[in-house]
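Spelled out from the first residue to the last, the chains are:
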Amino acid sequence: MKPCNLLVLVTIASSLALVACELAKPTDGEKAEDLLIFTVGTDETDGLKRLKRSAEQFNVKLIVAGLGEKWNGGDTRYEAGGGQKIRILRDALEPYKDRSGLLVMFVDAYDVILNADAKEMIERFHENFENNRVVFSSEGFCWPDKTLAAKYPLVKFGKRYLNSGLFMGYAPEIYKILTVRKIQDSDDDQLYYTQIYLDDKMRTDLKMTLDSMARIFQNLNGAEEDVEVEFDDSGKALAHNVAYNTHPVVIHGNGASKRYLDYLGNYLGNNWNSKTGCVACNEHKLNVDALSNGGQLPLVTLAIFISRPIPFLTEFFAHIARLDYPADRLHLYLHNNETHAEKEVNEFIAASAYESTNFVQRSSEITDRQAKEGAIDYCIAQNCDYLFYVDGDAHLSNPNVLKLLISLNRPFVAPILSIPAKLFSNFWGALSPTGFYARSDDYVQIVQGERVGQWNSPFVGGAYLISKENLAQFRGAYMYNTLFDADMSLCQFARDNGLFMLVDNQNYYGNLVAADDFGDEVQRGRLYPEMWEIFENRQLWEARYLHPEYKQVLVEGAEIEQPCPDVYDFPLMSERFCAEMIGEMEHFGKWSNGKNSDERLAGGYENVPTRDIHMNQIGFERQWLYMLDEFVRPVQEKIFVGYFHSPVEANMMFVVRYKPEEQASLRPHHDASTYSIDVSLNRKDIDYEGGGVRFIRYNCTLPCDKLGWSMIFPGRLTHMHEGLPTTRGTRYIAVSFLNP
Ligand SMILES: *[C@@H]1O[C@H](CO)[C@@H](O)[C@H](O)[C@H]1NC(C)=O
Ligand SMILES: *[C@@H]1O[C@H](CO)[C@@H](O)[C@H](O)[C@H]1NC(C)=O
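Since the model is a prediction, treat every value here as computed from it, not as a measurement.

### Observations regarding the state of the cysteines
Counted according to the given criterion, the structure contains three disulfides. Cys-278 shares a disulfide with Cys-281; S-S distance 2.1 Å. Because the sign of the S-S torsion sets the handedness, a value of about 90 degrees for the bond joining Cys-278 and Cys-281 places this disulfide among the right-handed ones. With respect to burial, Cys-278 and Cys-281 carry one shared label: buried.

What follows is the structure in structure tokens.
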């Protein structure tokens, strides 16, 4: 380092002005720390807001030129253009053109984030470019005119081509560059600067160079793999260019790298700090309770869609009904397109009392996209403040979810929901080149709640809140790309139009239901397809189908009833399970004939036949076996201590039907099992009379009259038993022989 630069550093530190330094001296009364950053943006997009916020965070002077002006510079995402930027910048810079000590920087408006204060940017400039007056950022692509590539000066290391989205230099030189030639609004700005840079005389006279190793500027296009987030000792997020081992401070999501910039932007610009967490999260926060005390809560259109087979809708609607939000501030828009869901939907509608209801049950007239577009229109027609979109698989178990989302006060925000104990969620951390899911480095930490905050995300579904200010812009979004499904189309629309989609995990909002395999169960004609969901949605399955007192059985020290010697009785399945199991069996209907010959058995012979249907006949064997292993085996281990057999085995699992006119009882017998369970599936004295089991050796009879309760007893040798006659109605029990 030259002594001169050291002097500059000292000067900055002590806020003294003017140091005589040959190469990089502030002159004309400029302070060493003077840096003006210019940007040109005609629209106040989310991207521009992000840039402005980053400038505020670091106290950098940012001048936004061109706001409100009509943009004629073409869509530079797809084609050359942007000449208008040069014209607007030239006009904005004109007042500063003679200040030879003033450093100015230009950055693109919609896809740039600043990550340092002016002092640091100026230091970087002096330290790295002491012989230059103008520095452009660099990139690996020669654009827009590839044929110019060979004309570029060689670089020893780093990127060779100019990118005009970021540059910096002294005001007079920059102004000079902007006025070399006339430029049309639709001309290409990058080509304009490139031609000047490739002109040897101008490059030399103006002391122009490129920041080839990202010492200040990082263009991300083609370099995404090189740049990662790193945290310094204070927790501040830095961009680390691992290829050059530099820490650029102005980051540009040029070309196809917008998504990666969005990812980096979740940290950079003092957005998220590894010590203190989310910095930006509460900057917009509204006090919703104050709103509700003082006056009326915002008017919300709650738009619910069931447009594919989704399990556990009863539970879904129970959460909706429990939302802590006044019904007279909610308009309901509900579209159901699933036959299997009609009953649950009708029950919900019948019990609801919203300000208005727009309800469509099964429609072949309109498509899913049109139904979703309709929600936007409906919301706008009701003059709503927010559209709250909810899919039937988004279980919003936190009743505060709507108020919490409103309090975040963002144009588009979604609660992060995931499938319990899985990494599947309602948002994507990154996007594949073809527009599908890709995993970001931080995805797992966000889903698991190790990183908490608000995350700009390329895709979100399930549930989201769009505010009035953005809603009209979203018209047509579900139709935008008909090759994708409606939600992907909406998200692509948002991305293409620079509308940020934030997902939030600062609160627990609820869960996602696994619905992908559910359609198969519905297709198979199940009456109660959720019964089959023990693998996919275990928590919900347990809550719905296990006996509410089951868990207490396993509590240490809890006594399990023993009505006969070594015969125990405990609560296992819920009432709902019992009813649905009977329903499925009767729906299937192929009860055995009660004869000894039984072709369902390997030997073709049953010694003690009953009228029954095997679990495997209704395709429930795998599920029932798993239930036995997960919920019965622990009870067995508790009462028959020291016997372990894991996983359980069973090849006789069936539901028996007793009725006087068919088969009322079963003669004394041993079971082909180490131990057996018998679950009572219906109600004594209501559904049937009689019944019960008598253990011969002990002359001990169990009424077996508690719904969903299961007997568990040794199958052989000591526990010969008989089924006592059912004298009226029909009695059903679910029998399983474990560990034969
Ligand atoms: C409903 O389903 C039918 C056929 O399955 C389909 O043609 C229609 O587009 C769907 N409508 C909605 C609103 O999802
Ligand atoms: C069996 O028990 C019943 C009633 O509990 C009783 O009436 C009967 O005499 C007993 N039988 C024998 C053989 O002990």
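### Things to note about the site of ligand 1
Inspection of the region around ligand 1 gives Asn-337, Ser-363, Ile-366, Thr-367 and Asp-368 as its neighbouring residues. Asn-337 is positioned with one of its side-chain polar atoms (N or O) 2.3 Å from an oxygen atom of ligand 1. Ile-366 is positioned such that a nitrogen or oxygen atom in its backbone is 2.8 Å from a nitrogen atom of ligand 1. About the coverage of ligand 1: the protein hides 60% of its 360 Å² of free accessible area.

### Section: the sheet that holds strand β4 (residues 112-114)
Spatial strand order, β4-β11-β8: three strands in an open sheet with mixed pairing. Each end of this open sheet is capped by a strand with a single partner; those strands are β4 and β8 (217-219). Taken pair by pair, the neighbouring strands of this sheet meet at an average axis angle of 15 degrees, ignoring direction. In the sheet, β4 pairs with strand β11 (residues 250-252) via three bridges, with the strands oriented antiparallel. For Ile-113, the partnering residue across the bridge sits in β11 and is Ile-251.

### Description of the UniProt feature "domain: Fe2OG dioxygenase" (unreviewed entry) in the protein chain
Within this numbering scheme, the UniProt entry marks residues 649-740 as carrying the feature "domain: Fe2OG dioxygenase" (unreviewed entry). When the span residues 649-740 is considered, its composition is 0% helix and 51% strand, and the gap between its end C-alpha atoms is 7 Å.

Cut-off values and rules
Residues numbered from 1 in each chain as written. Chains lettered and ligands numbered in written order. Predicted model: local features only at pLDDT ≥ 70, side-chain atom pairs only at ≥ 80, totals over all residues. Heavy atoms only, no water. Disulfide = S-S within 2.5 Å. Buried < 20%, exposed > 50% of the residue type's maximum accessible area, 1.4 Å probe, protein only. Near = heavy atom within 4 Å. Polar contact = N/O pair within 3.5 Å; in protein donor to acceptor, adjacent residues only side chain to side chain. Areas by Shrake-Rupley, 256 points an atom, 1.4 Å probe, with all protein chains shown as cover. Pairing = 2+ DSSP bridges. Helix = DSSP H or I, 4+ residues; strand = E, 2+ residues; numbered from the N terminus. Axes fitted to C-alpha atoms, helices over the stretch in contact; angles between N-to-C directions. UniProt positions renumbered as here; feature names shortened; annotations may be inferred.

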